Amino acid sequence: MIIAVDGPAASGKGTIARALASHYRLPYLDTGLLYRAVAANVARHDLDPAIEADAVAACDFDEALLDDPALRDDETGKRASIVSAHPLVRAALFHRQRRFANQPGGAVLDGRDIGTVIAPEADAKLFVKATPTIRARRRHSELRERGSNVSMDKVLADIRARDLRDSMRSSAPLVAANDAALLDTSFLSIEAALKRAIELVERQV
Ligand code: C5P
């Protein structure tokens, strides 16, 4: 069984995808981490994320980079959304994600284009969303807990900028697949969102 979970930043898709993976005992891939690793590799080699050839050169990153907690930083997320707009970067990461999705027994993947590009044949597809303000509030408290004193206004502006970049790019833009079930987590507790996610998957498989 392949489960595709897509949605914008801080929508809750990561939490939901991880919980589904443990519920169905399936391997899980956070595909955002791959783009974040490319972004971090770009920075490490002093390359320009906006230049496609630079970003492509950074796709050959050291696997150990995927365990670096600094990948979770907002600055890396922002750079990831710049490198991920290049079609050749998406092409370089495509097969790795396809292989993961197609392993025997299935898998859960989360990202922006899993249900549309990476695994359009997925058995279950969720598109997780929440209002920008609520997503910014979640991201803000997460960053605060990690010791940052960034303002709520800045977090909201960053979320809006990232949404815009991810939705407007021509290559695999952030969009719900036609056959994806929508899950709005704006006013749901984590427990309620997980319960709903399982119901929506059960309805599709
Ligand atoms: O999900 P996360 O916030 O970690 O993703 C970081 C960035 O990587 C996103 O803003 C998006 O631009 C890009 N991304 C993507 N396709 C995916 C996963 C992430 O373009 N499947």
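Everything numeric in this text was worked out from a predicted model, so none of it was measured.

So, the UniProt feature "binding site: ATP" (unreviewed entry) in the protein
Cross-referencing UniProt, the feature "binding site: ATP" (unreviewed entry) maps to G7, P8, A9, A10, S11, G12, K13, G14 and T15 in the present numbering. Residue placement: K13 occurs in helix α1 (residues 13-24). A tally of 28 C-beta atoms within 10 Å means that K13 is categorised as buried. Non-local contacts of K13, meaning those with residues more than four positions away in its chain, are made with V5, D6, G7, D110 and V128. Residue placement: G14 occurs in helix α1. G14 has contacts with D30 and D110, leaving out every residue within four places of it along the chain.

Side note on the UniProt feature "domain: Cytidylate kinase" (unreviewed entry) in the protein
As annotated by UniProt and renumbered to match this structure, "domain: Cytidylate kinase" (unreviewed entry) occupies residues 3-202. Between the end C-alpha atoms of residues 3-202 there is a gap of 11 Å, over a span that is 52% helix and 11% strand.

Examining the site of the ligand
Around the ligand, 14 residues are found, and the nearest of them are G32, Y35, S81, S84 and G111. Those elements that provide at least two residues to the shell around the ligand are α2 (32-44), α4 (74-83) and α8 (152-168). Per-class residue counts for the shell around the ligand are three nonpolar, six polar and five charged.

With respect to the sheet that holds strand β4 (residues 124-129)
Strand order across the open sheet formed by five strands is β2-β3-β1-β4-β5, with parallel pairing between neighbours. Looking at which strands have only one partner, the edges of the open sheet turn out to be β2 (28-30) and β5 (181-184). Taking the axes of each pair of neighbouring strands and ignoring which way they run, one obtains an average angle of 20° across the sheet. Running over the sheet, α1 touches β1 (2-6), β2, β3 (107-111) and β4 and is turned about 180° from β3. Packed on one face of the sheet, helix α9 (residues 190-204) meets β1, β4 and β5 and runs near 175° to β5.

Conventions and cut-offs
- Numbering of residues starts from 1 in every chain and runs along the sequence as written.
- In view of the model being predicted, local features appear only for residues whose pLDDT reaches at least 70, and side-chain atom pairs are presented and counted only at 80 or more, with totals across whole chains, interfaces and linings using the full set of residues.
- UniProt positions are given in the numbering used here, feature names are shortened, and annotations may be inferred rather than shown by experiment.
- Only DSSP runs of H or I covering at least 4 residues are called helices, and only runs of E covering at least 2 are called strands; the numbering of each starts at the N terminus.
- Put plainly, a residue is buried at 20 or more neighbouring C-beta atoms within 10 Å of its own, exposed at 12 or fewer, and partly exposed in between, counting only other residues' C-beta atoms, which are placed from the backbone.
- Whether two residues are in contact depends on their C-beta atoms, placed from the backbone: they are in contact if these lie within 7 Å.
- Only the C-beta atom matters for this test: placed from the backbone, it must lie within 6 Å of a molecule or strand for the residue to be near it.
- Under the grouping applied here, Gly and all other residues not named as nonpolar or charged are polar, the nonpolar ones being Ala, Val, Leu, Ile, Met, Phe, Trp, Tyr, Cys and Pro and the charged ones Asp, Glu, Lys and Arg.
- Note: two strands are recorded as paired if DSSP finds a minimum of 2 bridges between them.
- To get an axis, a line is fitted to the C-alpha atoms, and for a helix only the part in contact is used. The angle between two axes follows their N-to-C directions and goes from 0 to 180 degrees.

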